[in-house]
Structure formats: structure tokens, C-alpha cells
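Here is what each chain is made of, one letter per residue.
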Amino acid sequence: MIRLQDYTGISPKTDLQLIYRLSARLSRKRFLHINSTKSGGGVAEILNRMIPLLDGLGLVVRWEVIEGDQRFFTITKKIHNSLQGLQEEFTDDMWAYHYAVNEKNAKTLDLNADVIFVHDPQPVPLIRFRHSGLWIWRCHIDVSNPVENVWERVSAYAGKYDAAIFSVAKFAKQMSIDEFIITPTIDPLSEKNKDLTETEITEVADRFRIPRDKPILLQVSRFDRFKDPNGVVRAYRMVKKYNDCRLVLAGSSATDDPEGDAVIREVKEFAGNDPDIHTLLLPAFSDKDINALQRMATVVLQKSLKEGFGLTVTEAMWKGKPVIGGNVGGIPAQIINGVTGFLVNSEEGAAFRIRQVLNDPDMAKGVGENAKQYVRNHFLITRQIRDYLFVWYAMLNKGSTVMEL
Amino acid sequence: MQLFIFKQCTSILKATQQKAATIRELVLGIKEVSDASIFHHTYQYFLKGHILEYTNDFAQWVGEALEEKTLSEHLSIIDPYTFDKISELRTRIVGVIKDYLGHFPEPRPALRGNEFYFNESATIIFPTGIVAHNLAEFLQALKYVDSSSIYYHFYEGRSRGIYGPDDFSTWLSDKADEKELSERLRHIDPFMYDIESMRRLIVQIVEQRVQKDMETL
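Note that this is a predicted model, so its numbers are computed, not measured. (Residues numbered from 1 in each chain as written. Chains lettered and ligands numbered in written order. Predicted model: local features only at pLDDT ≥ 70, side-chain atom pairs only at ≥ 80, totals over all residues.)

Caption draft 1: Representation of the environment of A:Asp261. Along the polypeptide, A:Asp261 turns up in helix 8 (residues 260-271). On a C-alpha basis, the gap between A:Asp261 and A:Phe166 in space is 32 Å, while along the polypeptide they are 95 residues apart. (Helix = DSSP H or I, 4+ residues; strand = E, 2+ residues; numbered from the N terminus.)

Here it is, written out as C-alpha cells:
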């Protein structure tokens, strides 16, 4: 069982100290998280790691998952898409069903706690059934440009909470409640991010038949047009005229994404017979392989045209890699251009930055070191735990902007 | 000599739900937002842990998102520590922008996604567990305390209550009988260093004094 002490020397001491101080103040209080799945997706992934850590701090922690049928999850998927700007068809019946399923869950779930974090829009109507405690809506998705009438429906519930938490300031919405900004984080001790030996990295390179004879450019992402894989290939070709290198495009198989197969076909066709382009289709649970790929890369790309927060950027930065990222979504919150990585707006920009990094290893090393330090200070799971407890404590001391512990 | 208790601070961002896409919207926002928001975007600029070519968030946004370099230079020269009240600082920032707009063409709006978001912060202050009883211990602690402690005592200290000197130089002059050393720290330009560079500079200045002390008969 993982404990907070395991992060000593990895996470900033100040974060660990504050977690201990806050949890002492909140000792034996009940902390309830509610979401819609125990596995799959970033929210479940982070809760799986975070719950045991919180439990070890003397808090009474529970994690509940709402139950729903296929119809419910089809509706919530449409809500999710519309909140991110995609037009979907909705009927009043669908909204009534969204509420009814939550109402049914409210009858079976124990909603009594001192603080209740409700994650994302699936369980947002549960606020109608509050008994006690502070209710906080944790929105993990980019709702900066939603379909307005869908946002109106969701905010009718969200606005009833005591506070809301968004991942980036530009994702926040106008509501008359307190709104906090807490960026997503990675776990440095997880399979995807823990240190690997050179033997482990070499084993992965051999298995994927990637010779380590020249610099490796890497992009890890779903095969999705918004991640611009063909743009990455074009940037690689621009670089190749000046610097010999390999390109690795690694992504998960997109069985739940009808467009995924088409995108993979397009990329493979576009890459042609170039033996230095490696297109890897990774199965689920390939965390250690992704870790090794990131560690063997010389430069990591995330040339997205549209992005949520972009935790693959954080992962690569944590491994001390110079990252070249698209200037979209949450990527600018991580990359300070020229300091912790490079922000680009075009394929040409990406190609130019790759050439700079390949030709100046000392500069690349410096940027990678800055990147790792920046992630250590801002994007590790301990910072997120600290901030959740901070929000709770701040809400108990509402009106104070400076608190002394 | 009275001891120096090293404290540190941690802040969390709060959205104010106000944003600006144009220079005029920025002015409107600066006039309307809370004192806490103005404080966050000016005094707390150093909490971000790095400095670029600007000294506050307004100057940075004007320079980067609006690409209005001249105005960002005018905003960067504003020293928040010379104002007794946030309202005076607010008036000054608005005045600088209005004066600029009276002489130059209106800048283009920021591209979508690059708007200025007015934020505030909530701060928790807590002890580091490190205490200095003399100058040598003070020097040792300066080398190893968390950077948020340097921020808290050197930057935030200046804006606590009445705007005055930082906590380090106050302790050195008032409690450690080190007036000359205190003066040297007070003359450091806070805008020219990020926190880690500032730490190195303070350590260097204090170390010289400790060395001198060691060599004195």
C-alpha cells in the first residue's frame, strides 16, 4: 500500500508538510468522492492513486460510483461532447432520464460526509439530494466553449454547489459560486512515470524494433486528427533534410472511436515506406511501454490542434525531456516557451524547434531540467492532494484570503 | 539576538469569472476586480517562480497576447512596492494604459484562447520548522528553505500591512544588530531576479558578512 512518506525526496517538502498540517486540522472528518467509473479514464486513474493516500492521513475517505444503464451513459457521453463544443441532439426526456438515474442513485448511496467532491457532469444532479456537508463540483473537462443550452442545463445543477473546481482558468465558467483552479497531475510512482533501468528501456526498444542509433522524435497520443499526426510526419520530413533522426508515433488502439482506424490508416499511408518512421499501436495498460518510449526519446512532441490539459506533456517533462507542444488547451499552462519547453503554432515552427534541440544538446538538457523541476513544483499528485485539502479548508474559512496554520 | 522563524506560504488560484480580450476590456477589468486580484497579478508575479521580460501579469499579457511591446514596457516599470494602497496602484496602471491609448493606435484583440483571465488567490502561511538563532544559522537556513519561504519573507514581507522592507532586512537591523547588512539587502532590486537567483544573491551577501566575522580577531 502506497503512503505519503513514499513521496519524500520526490515531491516538494513544502507540499508534504502542508498536507500533514491540513489533514491534522481535518482529522477524522469524512471525505467523499463520487464519479461514474472505477476504472478507465484520467479521473478514475488519479482517484485510484489518491484515495489510499488520503486514507492514510487520518481522514475517513470513501469513493462511490453512480450506477447507470447504457442509455444513461449514452446521454452523459453526449453531454460530455457538447460541453466540449460538439453539437448533439437532446430531448427533454434525455435530461429527465439523466436526473432520474441520479435520483435513483441518491436513494442507495450514502451521501453523508463533511465534504463531497462530485466529479464531472454524470453525477452533477446529485446536489439536489444533499443532506449535509460542503458540496464541491470538480469539473475535469474543458467547458470554455460549450454548446450553450447544454451548459445551461448542467450549470443549473453546478450553480447549486458550494464551490466548483476547474483545471485551467480559461476552462472556468461564470457562476455565482466560488471557483478554484486546480491543474491535473501525474503520479511519479506509477508505472507510467516511475524510474526505469536502462535494461528495461532497451527491452522495450528491442521489442518494438526501434534501433537507438539516431535521435528519436516521439509523439504519444490517441490516433485522432486533433493530435495532428500527419502534421508531425511533415515536421519530421522538414527536419530530416538537416538532421538524421527517427520518428515514433505511439498511440492506443481506438476501439471506442469510430474514426480511430481511419486515422491510423491515413498516417501509415502518409508515412509510406520510410523505415525511420515507427507507428506503434499500443494495447490498453501499456503504461510501462509508454514510460520507456518517453525515456528513450530525444525530443517529445505534442503537436495538438485541440487539447484538454495534455498530461502526456507533463509525463515527458517529468522525464527531463525537451517537449515541443501546440499552443492550445492546457499546454501553455505547462510550457513556458523557451524555458520549460517550446510552444509552436505550425508544422514549420515544430520543425524549427526540433532542429534547434537536436543541434544544441546543452540547451536541450537545460530545458529538460527546467521542465522536470517545473513539473515537480506544479504537477505531481501530492500537489493535487494538497490543493483538495486546501479548498476544503478555505471553504471552512470562507472570506479569508490569507490563513495561518 | 532574537530568533528568526522561517515561514513559507502556498497559494491556490481562484477564478474571478472576469476576462479581457481587448485592451479596453483589460482597463475595465482592472477598474472592477477586487484588490485581491490586483495584488495577485502584480505582487504575486514572483510566486510563479520565473521572470521573463516583464514584472507583472498585465505587462506580460499586453506584450505576449496583444504584442504591444511599448505598452508592456510602460507597465513593467511600475513598482508596486512604491504604493501604500492597492487602489493607488490600480489607478496608476489604468492611467498608464489610458495615456498610451491617447498616443498610439488601438491594439488588435487577443486571439481566441489567449484572453486575460483575472484571478485571485487564497494563501496559507505555515512554519517550515526551521529557526535561526544567529547569523550563521540564518545563512545555513537561507540555503535550504523552500523557495516559497524566500518568496514569503523577501517579497510578500514588503507588502504586508504598510509597504515597507522585507522580513530579512527588518530582522537583521532590528533584532540582529546588523544594520549595514540589512541596508545591503534593502538595496537589492527585487524585479531583476527570479526566486532562486534571489536566494543565491542573498546567500552571497550574508556569507560575505559571516566570513568577515570569522576572520575578525
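Caption draft 2: Representation of the nonpolar core within the structure. All names here are of chain A. If you look at the biggest cluster of nonpolar residues, it comprises 156 residues, and the most contacted ones within it are Ile116, Ile136, Leu218, Ile354 and Val391. Here this core takes nine residues from helix 14 (residues 381-396), the largest share from any one element. Filtering out sequence-adjacent residues up to four positions away, Leu218 remains in contact with Val248, Ala250, Leu293, Gln294, Ala297, Val300 and Leu301. (Core = buried A, V, L, I, M, F, W, Y, C linked by C-beta atoms within 7 Å. Buried ≥ 20, exposed ≤ 12 C-beta atoms within 10 Å, placed from the backbone. Contact = placed C-beta atoms within 7 Å.)

Caption draft 3: A look at the sheet that holds strand 3 (residues 115-119) of chain A. If you walk across this open sheet you meet the nine strands as 2(A)-1(A)-3(A)-4(A)-5(A)-6(A)-1(B)-2(B)-13(A), and the pairing is mixed. Whereas interior strands pair on both sides, the edge strands pair on one side only; in this sheet they are strand 2 (60-65) and strand 13 (402-404) of chain A. Averaged over all pairs of adjacent strands, the angle between their axes in this sheet comes to 25 degrees, without regard to strand direction. Two elements, strand 1 (residues 30-35) of chain A and strand 2 of chain A, share six bridges in a ladder whose sense is parallel. Note that in strand 2 of chain A the partner of A:Arg30 across the bridge is A:Val60. (Pairing = 2+ DSSP bridges. Axes fitted to C-alpha atoms, helices over the stretch in contact; angles between N-to-C directions.)

Caption draft 4: Representation of the domain arrangement of chain A in the model. Residues and elements named next belong to chain A. Domains assigned within chain A are domain 1 (4-185 + 380-396) and domain 2 (198-378). Using only C-alpha atoms to locate each centre, domain 1 and domain 2 end up separated by 30 Å. Contact residues are listed per partner, giving ten residues for domain 1 and ten residues for domain 2. Taken together, the residues of the side of domain 1 that touches domain 2 break down into five nonpolar, three polar and two charged. (Domains from an automatic or database assignment. Nonpolar A, V, L, I, M, F, W, Y, C, P; charged D, E, K, R; others polar.)

Caption draft 5: Just the pairing of strand 11 (residues 323-326) of chain A, in detail. Residues and elements named next belong to chain A. Every second residue of strand 11 is oriented toward a common face, with Val323 and Gly325 on one face and Ile324 and Gly326 on the other, all of them buried. For strand 10 (residues 299-302) and strand 11, the ladder comprises three bridges, and the chain directions are parallel. Residue pairing for strand 11: Val300 is matched across the bridge by Val323. At this point the chain moves from strand 10, through helix 10 (residues 311-318), to the parallel strand 11, and the crossover so formed is right-handed. Inspection of the sheet shows strand 11 paired to strand 12 (residues 342-344) by three bridges, in the parallel sense. Its bridge partner lying in strand 12, Gly325 is registered against Leu343. (Right-handed = clockwise from strand over helix to strand, strands pointing away.)

Caption draft 6: Structural context of the interface of chain B and chain A. With 21 residues of chain B at the interface, the matching set in chain A holds 28 residues. Of all the elements in the fold, those that place two or more residues in the side of chain B that touches chain A are strand 1 (4-20) and strand 2 (116-132) of chain B. Here the side of chain B that touches chain A is composed, by residue class, of nine nonpolar, nine polar and three charged.

Caption draft 7: Inspection of the packing of helix 8 (residues 167-174) of chain B against helix 9 (residues 179-186) of chain B at higher detail. Residue and element names in this part refer to chain B. Where helix 8 contacts helix 9, the two axes come as close as 7 Å, and the packing angle between them is 165 degrees. Viewed along their axes, helix 8 and helix 9 adopt a mutual orientation that is roughly antiparallel. Crossing handedness for the pair helix 8 and helix 9: left-handed. Facing Phe168, Ser169, Leu172 and Ser173 of helix 8, the residues of helix 9 in contact are Lys179, Leu181, Ser182, Leu185 and Arg186. Partitioning the contact of helix 8 with helix 9 into residue classes produces four nonpolar, three polar and two charged. (Parallel < 35°, antiparallel > 145°, perpendicular 65-115°, else oblique. Left-handed = near helix turned anticlockwise from the far one by under 90°.)

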